[in-house]
Amino acid sequence: MITVLFFAKLSEQLGERSLQVEASQAADTDQLFQYLTQYKAEWSSILNSQPCLKAVNQAMVNTNVTLKSGDEVAYFPPVTGG
Amino acid sequence: MITVLFFAKLSEQLGERSLQVEASQAADTDQLFQYLTQYKAEWSSILNSQPCLKAVNQAMVNTNVTLKSGDEVAYFPPVTGG
Amino acid sequence: MISVQQQDFNQQVEHERLRCQSSIGAIVTFTGLVRDINDGQAVSDLSLEHYPGMTEKCLVDIVEKAKARWHIIASTVIHRVGQLSVTDQIVFVGIASQHRGDAFAACEFIMDYLKTEAPFWKKETMENGQTKWVDARESDQKTLSKWAE
Amino acid sequence: MISVQQQDFNQQVEHERLRCQSSIGAIVTFTGLVRDINDGQAVSDLSLEHYPGMTEKCLVDIVEKAKARWHIIASTVIHRVGQLSVTDQIVFVGIASQHRGDAFAACEFIMDYLKTEAPFWKKETMENGQTKWVDARESDQKTLSKWAE
């Protein structure tokens, strides 16, 4: 299983903070994102309508990354701390 | 009278912290400096052997400045605070 | 020292923690506070969400990057999370070095990267009761260009 | 607030004094400490002489120059004089601004000018008992070039 996390505005809009996805459904982060856009009716427009950053195993990545069972993938808006 | 002040290493070397000079002896800071170099035997070598900053009425000046009675002229080494 | 915490911090205590060696000649600190106005709207409260685990890793990584560029004797990064009010302290970055140039540069570098990389998100409550997630500022991204080597 | 004083200062007290308005988003502070080594020699004590009257005028002038270039809501400059020991606090510069860029720049600018213009002189007592007036550093003069407009 792959653990998917959402934070901040994105998690509010999606109505989920986390979910588990079968590793077979997501060989890489591009496939995972595709899977998520079809997870619920409104998710495609939410995920595609705003800048969305991703981290794999708690490190930010900008490119497509291969995934394996046990990985943690997080999606979140641009950060606003400090 | 013109009040002349010395600070830090310079005042230690000269053995004076302040002295009064007749305004007639020092029409400007160049004349005052000339006067001081002759004030005591060793003052010429002390005053001419090191970088020496000057302030007139508590403002740093780099050029020759006209003096009048009541002015305060200070000589000191490059500053080392902070 | 790196800490992500709900509780407030004391400037004197943090300063003394940084004054750990007699070779330290300079300490520079940055403290971020909750402002009363953001994007022209009156703010009453702020809620800070973060990504536990990644946040700490990210802050460690930013401090390591700073240590690779400047001589740092001691450093502290504290970031608060949870509910905050106007004028509350949000973040503290303190750098102790032999000389001031290193301390100023490292402190500002850490803040600039924290602003754009550390996974924290602010949600404001306005005086009229409405809530709003704070938008990232493009200017914070642009600021990073000054650290290009 | 500008003060030339013998007594020590407290970071928390000075920070609270700077946190005077709810529009403040950033506070940057610099603190200078007496180091144990200078120019390779072990230092035990430091004596700070100054030019009373001119010192205060000079510090006011430097702060005014900073206020003309950056948005500053509150500022504090404290410089101690008299007898100090290793690890003692010598100088404090604190700047409160809406945004961090102004606070960092103004704080560093004030320190850079204080180092080269304010009439303070340090005399060190070495561990072997000898005393020595500290030499001005050429690097402090060179640092000023970064503020050329």
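For the structure, check the block above.
Residues numbered from 1 in each chain as written. Chains lettered and ligands numbered in written order. Predicted model: local features only at pLDDT ≥ 70, side-chain atom pairs only at ≥ 80, totals over all residues. Heavy atoms only, no water.

(A) Highlighting the pattern of salt bridges. Under the definition given, this model contains 26 salt bridges over all chains. B:Arg17 is the partner of D:Glu49 in a salt bridge, and the nearest nitrogen-oxygen pair spans 3.2 Å. Taken together, the residues D:Glu49 in strand β4 (residues 41-50) and B:Arg17 in the loop between α1 (8-14) and β2 (18-21) connect one chain to another. The salt bridge involving D:Asp8 is made with D:Arg80; its shortest N-O contact spans 3.3 Å. Here D:Asp8 is found in the loop between β1 (2-5) and α1 (11-18), whereas its partner D:Arg80 is found in strand β5 (residues 74-80), with 72 residues between them in sequence. Exposure remark for D:Arg80: the relative accessible area of 8% places this residue in the buried category. Connected through shared salt-bridge partners, C:Arg100, D:Glu108, D:Asp112, D:Asp140 and D:Lys146 make up one network. (Salt bridge = Lys/Arg side-chain N within 4 Å of Asp/Glu carboxyl O. Helix = DSSP H or I, 4+ residues; strand = E, 2+ residues; numbered from the N terminus. Buried < 20%, exposed > 50% of the residue type's maximum accessible area, 1.4 Å probe, protein only.)

(B) Seen up close, the relation of the copies chain D and chain C. Overlaying chain D with chain C gives an RMSD of 0.0 Å, the required rotation being 180° about an axis along which the chain moves by 0.0 Å. Seen this way, the second copy is the image of the first under a two-fold rotation axis. Most of the interface of chain D is mirrored in chain C, where 100% of its interface residues are also at the interface. (Least-squares fit on C-alpha atoms with pLDDT ≥ 70 in both. Contact = heavy atoms within 4.5 Å.)

(C) The arrangement of the interface of chain B and chain D in detail. Taken together, the contacts link 20 residues of chain B with 25 residues of chain D. Counting the surface lost from both chain B and chain D, the interface buries some 1,800 Å², and carbon and sulfur atoms represent 58% of this. Three residues stand out in chain B for area buried against chain D, namely B:Gln58, B:Thr80 and B:Gly82, and they jointly supply 38% of the buried area on that side. Note that B:Glu12 is salt-bridged to D:Lys123, the shortest N-O span being 2.3 Å. Seen at the junction of chain B and chain D, the total is 14 residue pairs in polar contact (both at pLDDT 80 or more). Those elements that provide at least two residues to the side of chain B that touches chain D are α1, β4 (59-61) and β5 (72-76) of chain B. Its residues assigned to classes, the side of chain B that touches chain D comprises eleven nonpolar, five polar and four charged. (Buried area = accessible area lost by both parts, 1.4 Å probe. Polar contact = N/O pair within 3.5 Å; in protein donor to acceptor, adjacent residues only side chain to side chain. Nonpolar A, V, L, I, M, F, W, Y, C, P; charged D, E, K, R; others polar.)

(D) How the structure looks around unusual backbone geometry. Even without a glycine there, the phi angle at A:Ala8 is positive, about 55°. With relative accessibility at 1%, the residue A:Ala8 sits in the buried group. Located in the positive-phi region is D:Asp39, a residue other than glycine, with phi close to 50°. Mapping D:Asp39 onto the fold places it in the loop between β3 (37-38) and β4.

(E) The arrangement of α1(D) in detail. Among all positions of α1(D), only D:Gln11, D:Gln12, D:Glu14, D:His15 and D:Leu18 are buried. In an axial view of α1(D), the angular spread of the buried residues amounts to 165°, which keeps them on one side of the axis. If you follow the buried residues of α1(D), they end up packed against α1 (11-18), β2 (26-33) and β7 (89-97) of chain C together with β2 (26-33), β5 and β7 (89-97) of chain D. Here α1(D) starts with a cap whose side-chain oxygen sits 2.8 Å from the backbone nitrogen of D:Gln12, and that cap is D:Asn10. (Arc of directions from axis to C-beta.)

(F) Region of interest: the interface of chain D and chain C. The interface is formed by 35 residues belonging to chain D together with 35 residues belonging to chain C. For chain D, the biggest contributors to the area lost against chain C are D:Arg35, D:Arg100 and D:Phe104; these three give 23% of the whole. The interface formed by chain D and chain C includes four salt bridges. A salt bridge links D:Arg100 to C:Asp112; its shortest N-O distance comes to 2.9 Å.

(G) Local environment of the sheet that holds β4(B). Residues and elements named next belong to chain B. Ordered in space as β2-β1-β5-β3-β4, the five strands form an open sheet in which the pairing is mixed. Each edge of the open sheet carries a strand with a single partner, namely β2 and β4. Sheet twist, expressed as the average angle between the axes of neighbouring strands with direction ignored, equals 30°. Direction of pairing for strand β3 (residues 53-56) relative to β4: antiparallel, over a ladder of three bridges. (Pairing = 2+ DSSP bridges. Axes fitted to C-alpha atoms, helices over the stretch in contact; angles between N-to-C directions.)

(H) How the structure looks around the packing of aromatic side chains. Per the counting criterion, the structure on display carries 32 aromatic pairs over all chains. Relative to C:Phe109, the ring of C:Trp70 has its centre 5.1 Å away and its plane inclined at 70°; by these criteria the two rings are edge-to-face. Separated by 39 residues along the polypeptide, C:Trp70 in the loop between α2 (54-69) and β5 (74-80) and C:Phe109 in helix α3 (residues 100-117) bring together distant segments of the chain. An aromatic cluster is built from A:Phe6, A:Phe33, A:Tyr35, A:Tyr39, A:Trp43 and A:Tyr75, whose rings are joined through pairwise contacts. (Phe/Tyr/Trp six-rings, centres within 6.5 Å; stacked < 30°, edge-to-face > 60°.)

(I) Broad picture of the sheet that holds β1(D). Taken in spatial order, the eight strands line up as β1(C)-β5(C)-β7(C)-β2(C)-β2(D)-β7(D)-β5(D)-β1(D) in an open sheet, and their pairing is mixed. At either margin of the open sheet sits one strand with a lone partner, and together these are β1 (2-5) of chain C together with β1 of chain D. Pairwise comparison of adjacent strand axes, ignoring direction, gives a mean angle of 10° for this sheet. Pairing between β1(C) and β5(C): four bridges, direction parallel. Pairing of C:Ile2 across the sheet is with C:Val77, part of β5(C). Those strands touched by α1(C) are β2, β5 and β7 of chain C together with β2 and β7 of chain D, and its axis lies near 25° from that of β7(C). Along the sheet, helix α2 (residues 54-69) of chain D makes contact with β1 and β5 of chain D, crossing β1(D) at roughly 150°.

Structural measurements only, silent on function.
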